[in-house]
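# Notes for the structure review
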Amino acid sequence: MTVADFSEAELIARIQHRLPPAPDWVLVGIGDDAAVVEPERNRVDVLTVDALIEGVHFDRAFAPPDAIGHRALAVNLSDLAAMGAAPRLALLSMALPPALPLDDFDAIVNGFAALAGQHRVHIVGGNLTRSPGPLMIDVTVVGSVKPRQALTRGGARPGDALYVSGTLGAAAAGLQMLREGLTTDDSRLTTDDRRLVTAYLRPTPRVKLGLLIGRNRAASACMDLSDGLADAAYHMAEASGVGLTLDADALPIDAGARAWGEARHVEVMRTALTALTDELRRLKTAGVKTVAVSDESVAVLRRVIAARNTGPTKPAVVNSEPLAAAAAVKPYEPPPPVIRSPVAAVKNLAAPIPAPPAVVLPAGDKQARWNALLALVQ
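No experiment lies behind these values; they were computed from the predicted model shown. (Residues numbered from 1 in each chain as written. Predicted model: local features only at pLDDT ≥ 70, side-chain atom pairs only at ≥ 80, totals over all residues. Heavy atoms only, no water.)

### Topic: the sheet that holds strand β6 (residues 136-145)
Spelled out, the test is: Two strands make a pair as long as DSSP finds a minimum of two bridges between them. For the purposes of this entry, the term helix denotes a DSSP run of H or I that reaches at least four residues, the term strand denotes a run of E that reaches at least two, and both are numbered from the N terminus. Note on geometry: axes are lines fitted to C-alpha atoms, helical ones only across the stretch in contact, with angles between N-to-C directions running from 0 to 180 degrees. It only takes one pair of heavy atoms within 4.5 Å for two residues to be counted as in contact.
On the basis of which strands lie adjacent, the open sheet formed by four strands has the order β3-β6-β4-β5 and mixed pairing. Since the sheet does not close on itself, it has two edges, and those belong to β3 (44-53) and β5 (122-130), each with one partner. Averaged over all pairs of adjacent strands, the angle between strand axes in this sheet comes to 15°, irrespective of strand direction. Each of β4 (86-96), β5 and β6 is contacted by helix α3 (residues 102-118), which is oriented at about 170° to β4, the strand it contacts most.

In structure tokens, the structure reads:
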């Protein structure tokens, strides 16, 4: 059977059957023209939306249906994690091709609902429609955060250190394995190969870590890496009005991805830095030595959080968890002030903005680098 054999109401009923009871704060849920929810006290809403289109963002030839549902929600949860927000509710919309098997539809919903359950996200509505083209999944997720704890991509300042969470390249390597014709149950896959494939099919959004960073104000800026390191580095620098220098040797490339690439003579670093050179050419940069910190710096995160620093020189974090320093945010010459009146001109001339000094970490032993890094947030 396919979805064409069922009405919209029948398909919605199949979704509802897979969901837990709605919490008390959902006053009107699935089944009405719109959802009605109570706002959380003393918090603001954070909204994000992403659309996944077959042939663009996923390929049903090798992506299991439940993984498609998982990814559709995961990319949105990652956005909320980068904002320091706790996910609360979701709206799920799907444009369904008539030939989509009913079992695939159910599996997509199962994958979506399973991840939602893990993060206490409640599906309160959405839309189903027919599509003469490919399968499309559109997801809106709403989270909440205290106003002063919200993270943005525009807070990086000269002298900040830039970190990436976890390691890079695992999902890209997993995708290439699938494109080569390997399947998740292929006997040729090693345990580490399966880990790389899982990194692509079922990414883990770092929601808990984003909440910790936001609540403790351990980062000056944050952005998720769903579109890659190059994209995140460029947009964070542009939003913050700073330049970046990235040290390729300092990037924490996944060991399994690196081994996979070396066996096939593929430069994994190039994959991790897709289009980075062209993007960063557009930035105004000045010289400062970049830093390399070992992958044990998860301990630094705990100490950074404990420091509870709210000053201007906190490390800028790409997504969440600092595991290795990848770059340094560099000083820049501020643009000329916009003069709208003689009074404004006097104020601007009377209060010039000096460029902060560059921050250089010593090249000594590991403990010395830790101490210098912690000094940035004290």
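### Let's talk about the packing of aromatic side chains
As a reminder of what qualifies: Any two of the Phe, Tyr and Trp rings considered here, Trp counted by its six-membered ring, make a pair once their centres fall within 6.5 Å; the pair's planes then place it as stacked at under 30 degrees, edge-to-face at over 60, or tilted in between. By the criterion adopted, a ring carries a charge over it if an Arg CZ or a Lys NZ lies within 6 Å of its centre and within 35 degrees of its normal.
The tally for this structure, following the rule as stated, stands at zero aromatic pairs. In this structure, Arg14 is placed above the aromatic ring of Phe6, and the distance from its NZ or CZ to the ring centre is 5.6 Å. The ring of Trp25 carries the charged tip of Arg88 above its face, separated from the ring centre by 3.9 Å.

### Some words on the packing of helix α1 (residues 8-16) against α3
Spelled out, the test is: Throughout this description, any angle smaller than 35 degrees is read as roughly parallel, any larger than 145 degrees as roughly antiparallel, any in the 65 to 115 degree range as roughly perpendicular, and the remainder as oblique. The sense of a crossing depends on the near helix, which, turned anticlockwise from the far helix by less than a right angle, makes the crossing left-handed and, turned clockwise, makes it right-handed.
For the pair α1 and α3, the least separation of the axes is 10 Å and the interaxial angle reads 40°. By the angle between their axes, α1 is oblique relative to α3. In the crossing of α1 with α3, the sense of the turn from one axis to the other is right-handed. The segment α1 lies against α3, with Leu11, Arg14 and Ile15 engaging Leu102, Phe105, Asp106 and Val109.

### Quick notes on the pairing of β5
Put simply, the rule is: Call a crossover right-handed when, viewed with both strands pointing away from you, the route from the first strand across the helix to the second goes clockwise.
The pairing of β4 with β5 spans eight bridges and is classified as parallel. For Ser93, the partnering residue across the bridge sits in β5 and is Asn127. Regarding topology, α3 serves as the crossover connection from β4 to the parallel β5, and that connection is right-handed.

### Some words on the confidence of the model for the protein
Put simply, the test is: Confidence of the prediction at every residue is given by pLDDT, a number between 0 and 100.
For the protein, per-residue confidence averages 76 on the pLDDT scale, and 70% of positions sit at 70 or higher. Long-range and interchain partners of residues 274-361, a stretch whose pLDDT sits below 50, account for 205 contacts in this model, where long-range means more than four residues apart.

### A look at the side chain of Thr48
Note the cut-off: Counted as a polar contact is a pair of N or O atoms within 3.5 Å, where, for protein atoms, one must be capable of donating a hydrogen and the other of accepting one, and residues adjacent in sequence contribute only when both atoms are in side chains.
Along the chain, the position of Thr48 falls in strand β3. A distance of 3.0 Å separates the side chain of Thr48 from the side chain of Asp79, its partner in a polar contact. Beyond its immediate chain neighbours, meaning those up to four positions away, Thr48 contacts Asn76, Asp79, Leu80, Val139, Thr140 and Val141.

### Concerning the pattern of salt bridges
How we decide: We define a salt bridge as a contact between a side-chain nitrogen of Lys or Arg and a carboxyl oxygen of Asp or Glu at a distance within 4 Å. Whether a residue is buried, partly exposed or exposed follows from its accessible area with a 1.4 Å probe, protein chains only, as a fraction of its type maximum: under 20%, in between, or over 50%, in that order.
Summed over the entire model, instances satisfying the criterion amount to nine salt bridges. Among the salt bridges present, the one from Arg60 reaches Glu54, with a minimum N-O distance of 3.2 Å. The class for Arg60 is partly exposed, based on a relative accessible area of 30%. Between Arg195 and Asp192 there is a salt bridge whose closest N-O contact spans 2.8 Å. Here Arg195 pairs with Asp192, and both are found in helix α5 (residues 191-201), just three residues apart, close to one helical turn. On the accessibility criterion, Arg195 (35% relative accessible area) is partly exposed. By relative accessible area, which is 32% here, Asp192 ends up partly exposed. Connected through shared salt-bridge partners, Arg14, Arg18 and Asp106 make up one network.

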